[in-house]
Amino acid sequence: MRHAELKHLQGRHMSLVLEASADGPPRWRQIGARLTSVQAFADWPLDAGRALPGGTLASEGPHSVLPCHGMGWFEHPALAGSRPQPGGGDQDWAHHFHLSDWQQQGNRLTLHLLDTVAQLSVRLCYTLAEDCDVLVAHAELENQGALPFRVDWLAALCVPLPASATEVLTYTGLWAAEFQEVRQRLGTGCWRRDNRRGRTSSNSFPGLIVGQDLHEDEGAVWGVHLGWSGNHSLLVESLQDGQRQLQLGAWFAPGEHVLAPGERYRTPTAYLSFSPDGLNGLSANFHQYVRKHLLAWPGQAMTPRPVHLNTWEAVYFDHQLDDLQQLAQAAAEVGVERFVLDDGWFHRRQHDRAALGDWWPDEQKYPDGLSPLIEHVRNLGMQFGLWVEPEMVSPDSELYRQHPEWALQLAGRPLVMGRNQLVLDLSRDAVFDYLFATLDQLLSQYPICYLKWDMNRDLATAGHDGCAAYHAQTEALYRLLGQLRASHPEVEIESCASGGSRADYGILAHAHRIWASDCIDARSRLRIQQGFLRFFPPELMGAHIGASPAHTTGRQHRLDFRAAVTFPGHLGLEMDIRTLSAEERHALKVWISHYKQWRDVLHGGVLQQGSLHDALQWWQVTRDDQCAAILGLYRLDDSCQRHAPVLALSGLDRSLHYRLTLLTEEPVPTGNTSPLFQQMQHTGLVLSGEALCTAGLPIPPMYPESALLIGIQAIDPITQPT
Ligand code: GLA
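Just so we're clear, the structure is a prediction, and the values are computed from it rather than from any experiment.

What counts and what doesn't
- Residues numbered from 1 in each chain as written.
- Predicted model: local features only at pLDDT ≥ 70, side-chain atom pairs only at ≥ 80, totals over all residues.
- Heavy atoms only, no water.
- Helix = DSSP H or I, 4+ residues; strand = E, 2+ residues; numbered from the N terminus.
- Rg over C-alpha atoms; globule rule 2.2 N^0.38 Å.
- Buried < 20%, exposed > 50% of the residue type's maximum accessible area, 1.4 Å probe, protein only.
- Areas by Shrake-Rupley, 256 points an atom, 1.4 Å probe, with all protein chains shown as cover.
- Lys, Arg positive; Asp, Glu negative; His and termini not counted.
- Charge placed at Lys NZ, Arg CZ, Asp CG, Glu CD.
- Salt bridge = Lys/Arg side-chain N within 4 Å of Asp/Glu carboxyl O.
- Pairing = 2+ DSSP bridges.
- Axes fitted to C-alpha atoms, helices over the stretch in contact; angles between N-to-C directions.
- Contact = heavy atoms within 4.5 Å.
- Parallel < 35°, antiparallel > 145°, perpendicular 65-115°, else oblique.
- Left-handed = near helix turned anticlockwise from the far one by under 90°.
- Nonpolar A, V, L, I, M, F, W, Y, C, P; charged D, E, K, R; others polar.
- Near = heavy atom within 4 Å.
- Polar contact = N/O pair within 3.5 Å; in protein donor to acceptor, adjacent residues only side chain to side chain.
- Core = buried A, V, L, I, M, F, W, Y, C linked by side-chain atoms within 4.5 Å.
- Phe/Tyr/Trp six-rings, centres within 6.5 Å; stacked < 30°, edge-to-face > 60°.

Caption draft 1: Structural context of the overall build of the chain. For the chain, the helix and strand inventory stands at 13 helices and 41 strands. Against the compact-globule benchmark of 27 Å for 722 residues, the chain has a radius of gyration of 27 Å, which places it among compact chains. Principal-axis analysis of the C-alpha atoms places the extent of the chain at approximately 80 × 70 × 45 Å. Classification of the 722 residues of the chain by burial places 60% in the buried group. Approximately 27000 Å² of the chain is accessible, and the part contributed by carbon and sulfur atoms is 50%. For the chain, the distance from the average site of its 57 positive side-chain charges to the average site of its 81 negative ones is 2 Å.

Caption draft 2: Summary view of the pattern of salt bridges. Tallied over the full model, the rule gives 41 salt bridges. Taking the shortest distance from any N to any O, the salt bridge between Glu140 and Arg264 comes out at 3.6 Å. Separated by 124 residues along the polypeptide, Glu140 in strand 9 (residues 134–143) and Arg264 in strand 20 (residues 264–266) bring together distant segments of the chain. With a closest N to O distance of 2.6 Å, Glu539 and Arg291 form a salt bridge.

Caption draft 3: Structural view of the sheet that holds strand 39 (residues 685–688). Overall, antiparallel pairing links the six strands, which are arranged 34-35-36-41-38-39 in an open sheet. The open sheet terminates on both sides in strands that have one partner only, identified here as strand 34 (606–612) and strand 39. The average undirected angle you get between the axes of adjacent strands in this sheet is 20°. For strand 36 (residues 628–635) and strand 41 (residues 706–714), the ladder comprises eight bridges, and the chain directions are antiparallel. The residue bridging Leu631 from the neighbouring strand is Ile710, located in strand 41. On the sheet, helix 10 (residues 559–566) packs against strand 36 and strand 41 and is oriented at approximately 55° with respect to strand 41. Packing against the sheet, helix 11 (residues 582–602) makes contact with strand 35 (616–622), strand 36 and strand 41, and its axis sits at approximately 120° to strand 36.

Caption draft 4: The arrangement of the packing of helix 4 (residues 321–334) against helix 5 (residues 371–379) in detail. Interaxial distance between helix 4 and helix 5 falls to 10 Å at its minimum, and their mutual angle equals 15°. Comparing the axis directions of helix 4 and helix 5 gives the class roughly parallel. Once helix 4 is placed against helix 5, the crossing between them reads as right-handed. Along its contact with helix 4, which presents Leu321, Leu324, Gln325, Ala328 and Gln329, the element helix 5 presents Pro372, Leu373, His376 and Val377. Of the residues that constitute the contact of helix 4 with helix 5, the class distribution is six nonpolar, three polar and no charged.

Caption draft 5: Examining the site of the ligand more closely. Taken together, 13 residues lie near the ligand, and Asp342, Asp343, Arg419, Lys452 and Asp518 sit nearest. At 2.7 Å, a side-chain N or O of Asp342 approaches an oxygen atom of the ligand. The contact in question runs from an oxygen atom of the ligand to an N or O atom on the side chain of Trp387, over 3.0 Å. Protein chains bury 96% of the 300 Å² of accessible surface belonging to the ligand in isolation. In terms of residue class, the shell around the ligand is made up of four nonpolar, three polar and six charged.

Caption draft 6: Representation of the side chain of Lys452 within the structure. Relative to the elements of secondary structure, Lys452 occurs in strand 27 (residues 450–453). Overall, the relative accessible area of 4% leaves Lys452 in the buried class. Once residues lying within four places of it in the same chain are set aside, the contact partners of Lys452 are Asn310, Val340, Asp342, Leu386, Trp387, Val388, Glu494, Cys496 and Trp515.

Caption draft 7: Quick look at the sheet that holds strand 4 (residues 79–84). With antiparallel pairing, the four strands of this open sheet are ordered in space as 5-4-10-19. Strand pairing shows two members of the sheet lacking a second neighbour, strand 5 (90–91) and strand 19 (257–259), which therefore form its edges. Alignment of strand 4 against strand 10 (residues 149–154), held across four bridges, turns out to be antiparallel. Among the inter-strand pairings, Gly81 is bridged to a residue of strand 10, identified as Val151.

Caption draft 8: Geometry of the nonpolar core. By size, the foremost hydrophobic cluster in this structure holds 191 residues, and its most contacted members are Tyr126, Phe339, Trp345, Trp453, Phe536 and Ile577. Once you skip the residues sitting within four places of it in the chain, Trp345 turns out to touch His319, Trp359, Trp360, Pro361, Asp362, Tyr366, Leu370, Leu386, Trp387, Val388 and Leu442. Counting residues in each nonpolar core, the second largest holds 27 residues, with Leu633, Leu687, Met702 and Leu708 among its members.

Caption draft 9: Main features of the environment of Asn195. Here Asn195 shows up in strand 14 (residues 190–195). Overall, Asn195 belongs to the buried group, its relative accessible area being 1%. Along the backbone, Asn195 and Ser233 are 38 residues apart, and their C-alpha atoms lie at a distance of 6.3 Å. In contact with Asn195, not counting residues within four places along its chain, are Thr200, Ser201, Ser204, Gly230, Asn231, His232 and Trp251. Of the polar contacts made by the side chain of Asn195, one reaches the backbone oxygen of Thr200; its length is 3.1 Å.

Caption draft 10: Region of interest: the packing of aromatic side chains. All chains considered together, the criterion is met by 27 aromatic pairs. Both rings, one in Trp28 and one in Tyr126, keep their centres 5.7 Å apart while their planes meet at 75°; by these two values the pair is edge-to-face. Taken together, the residues span a long stretch of sequence, with Trp28 in strand 3 (residues 24–33) and Tyr126 in strand 8 (residues 120–129) at a distance of 98 residues. Judged on exposure class, the residue Trp28 and its partner Tyr126 are both buried. For the pair Trp228 and Tyr478, a centre-to-centre distance of 5.7 Å together with 85° between the ring planes defines the contact as edge-to-face.

Caption draft 11: Spotlight on the packing of helix 4 against helix 11. Viewed as axis vectors pointing N to C, helix 4 and helix 11 meet at an angle of 55°, and their least axial separation amounts to 8 Å. Classified by the angle between their axes, helix 4 and helix 11 sit oblique to one another. In this structure, helix 4 uses Ala330, Glu333 and Val334 to contact helix 11, whose residues at the interface are Arg585, Lys589 and Ile592. Classifying every residue of the contact of helix 4 with helix 11 by side-chain character gives three nonpolar, no polar and three charged.

Caption draft 12: The environment of Ile507, seen in detail. Its location among the elements puts Ile507 in the loop between strand 30 (492–495) and strand 31 (513–515). With relative accessibility at 3%, the residue Ile507 sits in the buried group. Once the C-alpha coordinates of Ile507 and Gly610 are considered, the two residues, 103 residues apart in sequence, prove to be 27 Å apart.

Caption draft 13: Structural context of unusual backbone geometry. The peptide bond linking Ser548 to Pro549 adopts the cis configuration, its omega dihedral lying at 0°. By the secondary structure assignment, Pro549 is in the loop between strand 32 (541–546) and helix 10. Along the chain, Phe567 connects to Pro568 via a cis peptide bond; the corresponding omega equals 10°. Along the chain, Pro568 falls in the loop between helix 10 and strand 33 (570–574). Phi is positive for Asp213, close to 45°, though the residue is something other than glycine. Among the secondary structure elements, Asp213 is positioned in the loop between strand 15 (207–211) and strand 16 (221–227).

Caption draft 14: The arrangement of the side chain of Ser394 in detail. Mapped onto the secondary structure, Ser394 falls in the loop between strand 25 (392–393) and helix 6 (398–402). In this structure the side chain of Ser394 is engaged in a polar contact, spanning 2.8 Å, whose partner is the backbone nitrogen of Leu356. Once residues within four sequence positions are removed from consideration, Ser394 is found in contact with Arg349, Arg353, Ala354, Ala355, Leu356, Tyr400 and Asn420.

Set out below in structure tokens:
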């Protein structure tokens, strides 16, 4: 028996092993737990261990890196497409690739596959970021034939999962209710989510997590994410050997992607991480990857995340220079560092039924342009940020009146409206040039250091000369953002799309913050943020303290609860703080100072999160050196237990002692407290890391819809943080 020829990429806790095949693409031997050696696989090649039962085709092989239809693979293919013939009919719909060559350089593996009959080549690239156990992959298809080839599907990544991976976690959602976790059991057949809304979508997130009974802190889990802000498909399908296959890639409308002879299609990038330590282990991997490899900060490094004041829920469209200047003054007094002027500032924008596309200051509201406001803000020591929604046009706008043909549309079909607006066809050069010139002019004219880049509707009739142009739209958006960032590298960008509808690793190549949701009701936000934080680190999560009652739900909450819920994100205020009492403003100021004191821990440490029984939710962020951590505890509902549970902390150094102090001043149920809690409230409670991790922290009684934030600092003299 011959020995298997193998390639092995190895991370801290994860391995990828492929085996060469004599008659097809390499096959998967491992994508999961780390192996110290691949000797066990070398001893018996896959073919040698696989009998062919009756009724099985000889070509029904094990799962390869590119299983294709037509030669004996009956499950979902990793590539689908065909070659329309001049006389009618399609050919080259059956594919069979063989390995032309594969090369490994360190932790990067490139496979070159050829189908000489269909005249196609595919290059698969796998790079394992070993410092964070994230596999980064894409596929590239080249049409080597003399006629065009129509691509219906090409998986960016196609991997097997073990039979034990029986639970899938993903999100559903809608405006003001994004990142709603859904857990489903996998059975026989195919689990599939498609997004055809043209933008990332809150309804169908481009990522999922699978494993066996997903736990927060234990068990093998796999997570995947597609770095793409357009249409996508994710699928997990059971195979005949009990395993499953997972595929993800961009979804195409019929005929959307046709490759001319010699042309190539490169898929969006797919990210896969494996952790033996449950959901929190997986999040830690993704967070590290995003921090170290994905984000491109102005000046190459993140600055402490400045406290925002965003004007939307404070004034909506009612912009009056005096009011805004007073608001800025009040904001500066409580410690705000960046003032963001939201929707309502540009030509004839009195409501959401007009003006998108006309990106110059409204002559009535800002007779002298934006300078008087910007100067006022900057004189108060704050940075200035501006809201734009460049991809859109209102039918009632100068731009649309001049160029109705610039909107995405299909001849003979009615224009489909969403929030009274249409989408511009970014793949038209004239549109692209107009948008670049307009934004470039704004950023050159004014000292704007931040754009809140919004995108408030799904794409529908995304037609470009009659053909579907969803994919081209996203590519053009990335080009536009890339060109603007190159011209104005000092500007940070927030990705907003009706709240959190464009949260993905594709947009993060250009953005520095994601507005997780328009819902800033503290209670609803807890759930939204828990989902968001599985894939994105806290410093990217826009989280604002809003008014009470909350504008999207009408629910009322105390300031402490509203403020405590914004931690661990990137803090902002979104209310008319001029209307607050002196007492409330003082409380806000104290909260902002807590945030400033703790943001280096919150925005660089390891996040763990979870839910306890008895309606309690928690998170903890621990600094890498384990000398400081912060714990957030939230009671959602009334307790139905006489005694609240104990929370065993982790991530702390068991050999150190820690002082626990309370940052919140929430009222606690009267006559119902414990000596431990009283100590934490007054002098600070000192406990050993060993005790906190083993015996745990007894949770004190809390009112429903209340929070406790606890600062944890090492007190050993040698390691005490300065
Ligand atoms: C969207 C955003 C909001 C706000 C409004 C302005 O809904 O999500 O935060 O900017 O647009 O129109």
